[in-house]
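# Fold and contact review
For reference, the chains in residue letters:
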Amino acid sequence: MATVPSSAGPPLGKYLASTEKKTRDKAIKNLSVFLSDEHNVISKPEMDKLWKGIFYCFWMSDKPLVQQALATELAEMLLTITSTVSSLAFLRGFWETTVREWNGIDRLRIDKYYMLIRRFVNATFRLLIRSNWDKEFCQEYSQILTREGGPLCPSDIRVPASLAYHIGDIYVEELDKALGTSSSPPPAPLGTLFDPFFALAARTPTSVTYKRIQSALFEPLFTALVLEPISEGEPPRSKRIRLSVETTYPHIAANACYSDSEQEGRVDGATLKRKLLRRIFEVASQPDARDSNRRKMYALWKETYDEDPDNES
């Protein structure tokens with residue numbers, strides 16, 4: 001078995017991607033110890049090398065329980081790191097490596113990488129909750145997702161559509177879970193957290209991507225914000241509301257704001273829905289929005305706005 005260097009520096013990629021499980025396990029433990037020390041800083045080139053090693057460390061995990069445990073351990077490193085700035089740098093390395101390596105993942109391994117992404121999305125929300133949804137950190141998170149090399153960058157042709165689809169499919173669910181498992185979290189700033197998807201919806205060149213974002217994110221979110229609990233045996237007030245109480249997102253509906261949790265506090269669902277719709281309208285109005293997407297976003301804004309009973313004259 002190869003000898004893994006001590007935690008004086010980050011483990012080399014060759015140890016993380018070793019064919020021997022014991023070597024990989026020790027390298028991961030050393031990495032966790034290294035990252036937990038606030039005095040250890042990793043440069044961008046070192047982070048790129050580190051994440052390539054981590055990516056193939058996960059690639060080599062071949063049993064479901066091992067995969068689940070490793071996915072959780074890797075994602076929890078975001079919270080092991082004591083500096084949020086360093087945590088976000090680690091997160092940036094994760095997303096850049098995932099985008100770069102995604103097309104090389106075969107169909108037998110894709111599900112475990114979907115699981116890894118889910119773990120990281122959830123851990124990221126808990127990281128931002130720990131920072132009390134700090135504005136600067138939330139904005140940096142949005143930039144990580146949308147800048148070139150990020151998984152939601154609408155202008156980067158290297159970003160696989162399936163990656164954006166998966167993030168969209170799990171985003172609302174994992175935010176709700178993170179709010180539900182955290183102790184007294186401040187209200188989640190939905191305008192900031194969903195802005196990357198508003199931008200992607202406006203600028204994506206494919207109609208399939210737009211349709212997926214609207215059906216997987218926008219519509220369930222808006223429904224959750226205004227859906228009141230239904231008593232047993234009581235029919236829904238609106239025929240358009242098909243979701244049961246169990247399939248909504250109660251923690252988001254009960255604990256969210258638009259952009260600043262400290263100043264706004266909790267904002268009621270109907271008001272928050274209107275603010276988010278206004279933001280969709282604003283993003284669609286920007287010059288870089290594609291004409292076809294602009295029309296769809298205007299239609300969503302008008303249709304959803306008209307459904308709001310508070311807007312009836």
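The structure contained in this document is the topic of the report that follows.

Reading the values: the criteria
- Residues numbered from 1 in each chain as written.
- Predicted model: local features only at pLDDT ≥ 70, side-chain atom pairs only at ≥ 80, totals over all residues.
- Heavy atoms only, no water.
- Helix = DSSP H or I, 4+ residues; strand = E, 2+ residues; numbered from the N terminus.
- Buried < 20%, exposed > 50% of the residue type's maximum accessible area, 1.4 Å probe, protein only.
- Contact = heavy atoms within 4.5 Å.
- Areas by Shrake-Rupley, 256 points an atom, 1.4 Å probe, with all protein chains shown as cover.
- Axes fitted to C-alpha atoms, helices over the stretch in contact; angles between N-to-C directions.
- Left-handed = near helix turned anticlockwise from the far one by under 90°.
- Nonpolar A, V, L, I, M, F, W, Y, C, P; charged D, E, K, R; others polar.
- Expected span 1.5 Å × (residues − 1).
- Bend = angle between axes of the 7 residues up to and from the residue.
- Phe/Tyr/Trp six-rings, centres within 6.5 Å; stacked < 30°, edge-to-face > 60°.
- Polar contact = N/O pair within 3.5 Å; in protein donor to acceptor, adjacent residues only side chain to side chain.
- Core = buried A, V, L, I, M, F, W, Y, C linked by side-chain atoms within 4.5 Å.
- Disulfide = S-S within 2.5 Å.

### Comments concerning the overall build of the protein
The number of helices and strands found in the protein is 14 helices and two strands. Residue burial in the protein is summarised as follows: out of 313 residues, 49% are buried. When contacts within the protein are restricted to residue pairs at least 6 apart in sequence, long-range pairs at least 24 apart make up 68% of them. Roughly 15500 Å² of accessible area belongs to the protein as shown, and the carbon and sulfur atoms make up 50% of that amount.

### Points about unusual backbone geometry
For tryptophan 133, which is not glycine, the phi torsion reads 55 degrees and is therefore positive. With respect to the helices and strands, tryptophan 133 occurs in the loop between helix 6 (110–130) and helix 7 (135–146). With relative accessibility at 4%, the residue tryptophan 133 sits in the buried group. In this structure, serine 184 is a non-glycine residue whose phi angle is positive, near 45 degrees. Structurally, serine 184 is set in the loop between helix 8 (161–181) and strand 1 (188–189). You can call serine 184 exposed: its relative accessible area is 71%.

### Considering the packing of helix 9 (residues 190–203) against helix 13 (residues 269–284)
It is at 10 Å that the axes of helix 9 and helix 13 come closest, and there the two elements cross at 35 degrees. Handedness of the helix 9/helix 13 crossing: right-handed. Where helix 9 approaches helix 13, its residues Leu190, Gly191, Asp195, Phe198, Ala199 and Ala202 are matched on the opposing element by Leu272, Leu276, Arg279, Ile280 and Val283. Broken down by class, the residue content of the contact of helix 9 with helix 13 amounts to eight nonpolar, one polar and two charged.

### Observations regarding helix 10 (residues 207–226)
Spanning 20 residues, helix 10 covers 27 Å between terminal C-alpha atoms, matching the ideal 28 Å at 1.5 Å per step. Taking the largest bend as the criterion, helix 10 deviates by roughly 35 degrees, centred on glutamine 214. All buried positions along helix 10 are accounted for by Thr209, Tyr210, Ile213, Gln214, Ala216, Leu217, Phe218, Pro220, Leu221, Phe222, Ala224 and Leu225.

### Re the packing of aromatic side chains
As enumerated under the stated definition, the model contains 17 aromatic pairs in all. Both rings, one in phenylalanine 125 and one in tyrosine 141, keep their centres 6.5 Å apart while their planes meet at 75 degrees; by these two values the pair is edge-to-face. With phenylalanine 125 in helix 6 and tyrosine 141 in helix 7, this residue pair connects regions lying 16 residues apart in the sequence. Note on phenylalanine 125: relative accessible area 0%, which makes it buried.

### Notes on helix 13
An α-helical segment advances 3.6 residues per turn. Residues three or four places apart therefore align on the same side. Under the 1.5 Å per step criterion, the end-to-end length of helix 13 is 22 Å for 16 residues, consistent within 8% with the ideal 22 Å. The backbone nitrogen of alanine 270 lies 3.3 Å from a side-chain oxygen of the residue at the head of helix 13, namely aspartate 268.

### Focus on the nonpolar core
Among the nonpolar cores identified, the biggest contains 94 residues, and Tyr171 and Leu190 are the most heavily contacted of them. With twelve residues, the single largest contributor to this core is helix 6. If we ignore the near neighbours within four places in the chain, the residues touching leucine 190 are Leu175, Leu221, Leu225, Ile252, Ala256, Cys257, Tyr258, Leu272 and Leu276.

### Section: the environment of glycine 265
By the secondary structure assignment, glycine 265 is in the loop between helix 12 (261–264) and helix 13. With a relative accessible area of 22%, glycine 265 lands in the partly exposed category. On a C-alpha basis, the gap between glycine 265 and asparagine 255 in space is 8.6 Å, while along the polypeptide they are ten residues apart. Apart from residues no more than four positions distant in its own chain, glycine 265 is found in contact with Pro187, Ala256, Cys257 and Asp260.

### Quick notes on the state of the cysteines
Throughout the structure, instances matching the rule amount to zero disulfides. Of all cysteine sulfurs in the structure, the one in cysteine 257 sits closest to cysteine 138, which takes part in no disulfide; the separation is 9.1 Å. Of the residues examined, cysteine 138 reaches a relative accessible area of 1% and is grouped as buried. Residue class for cysteine 257 comes out buried when judged on its relative accessible area of 0%.

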